[in-house]
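Summary of the model geometry
The residues making up each chain are set out below.
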Amino acid sequence: RANSVPKYNIIKLDEQLKINADAVTRFEEETFTVKAIDEAKLEVHRAITILNQHGDNFAPLYISYDPQRKVKNISCTIYDAKGEVIKKVKKNEMEDFSANASYSLYDDNRMIYYMYNSHQYPYTVEYSYEIEFDGLFYYPDWDPVHMDKHAW
């Protein structure tokens, strides 16, 4: 397999998917497992190829969490057009900040955020993480189109 093409090489992307596209989702999987009446885990794995500067809105990694939702096992890898690894992002390179713009004594909502800035296109962002839920007031939303979340 020494001659195999890396999985995120742009030549593996169907030309029809690139027509009028700024970004293409290469892989997406979310698994929500209820372990008990008050305990669950969400596993997320995504890979998005950014074709041009207009697709950069689809590239950020962002994860909301609070005391009832704990983030574990974050990984983020950036690939070039050939599918070769450009960067393995370390956790300390990701921003972690309050998700509330105004001051509040009782707000523990937080956000983990990472944006890779590239001027060479295309590139692929692959990330995965887990969220452990302690208490289940609701199940997480699933949004097949991520534009609203990515357009800061």
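Residues numbered from 1 in each chain as written. Predicted model: local features only at pLDDT ≥ 70, side-chain atom pairs only at ≥ 80, totals over all residues. Heavy atoms only, no water.

Description of the sheet that holds strand β3 (residues 61–65)
Convention followed: A pair of strands counts as paired when DSSP detects no fewer than two bridges linking them. Counting from the N terminus, the helices are the DSSP runs of H or I reaching at least four residues and the strands are the DSSP runs of E reaching at least two. Fitted lines through C-alpha atoms give the axes, limited to the stretch in contact for helices. The angle between two N-to-C directions lies from 0 to 180 degrees.
Overall, antiparallel pairing links the three strands, which are arranged β3-β7-β6 in an open sheet. Looking at strand neighbours, the two that pair on one side only are β3 and β6 (95–98), the edges of this open sheet. In this sheet, adjacent strand axes meet at a mean angle of 20° when their direction is disregarded. The pairing of β3 with strand β7 (residues 110–114) spans five bridges and is antiparallel. Following the sheet pairing, Tyr62 is matched in β7 by Tyr113.

Comments concerning unusual backbone geometry
Basically, it comes down to this: Between buried and exposed lies partly exposed: a residue is buried under 20% and exposed over 50% of the maximum accessible area for its type, with that area taken using a 1.4 Å probe on protein chains only.
At the junction of Tyr121 and Pro122, the peptide bond is cis and its omega measures out at -5° in the coordinates. Relative to the elements of secondary structure, Pro122 occurs in the loop between β7 and β8 (123–134). The phi torsion at Asn20 lies on the positive side, around 55°, for a residue other than glycine. Positionally, Asn20 belongs in the loop between α1 (15–18) and β1 (23–36). By relative accessible area, which is 79% here, Asn20 ends up exposed. The backbone phi angle of Asn73 is positive, close to 50°, even though this residue is not glycine.

Fair warning: the whole summary comes from geometry, so function is off the table for now.
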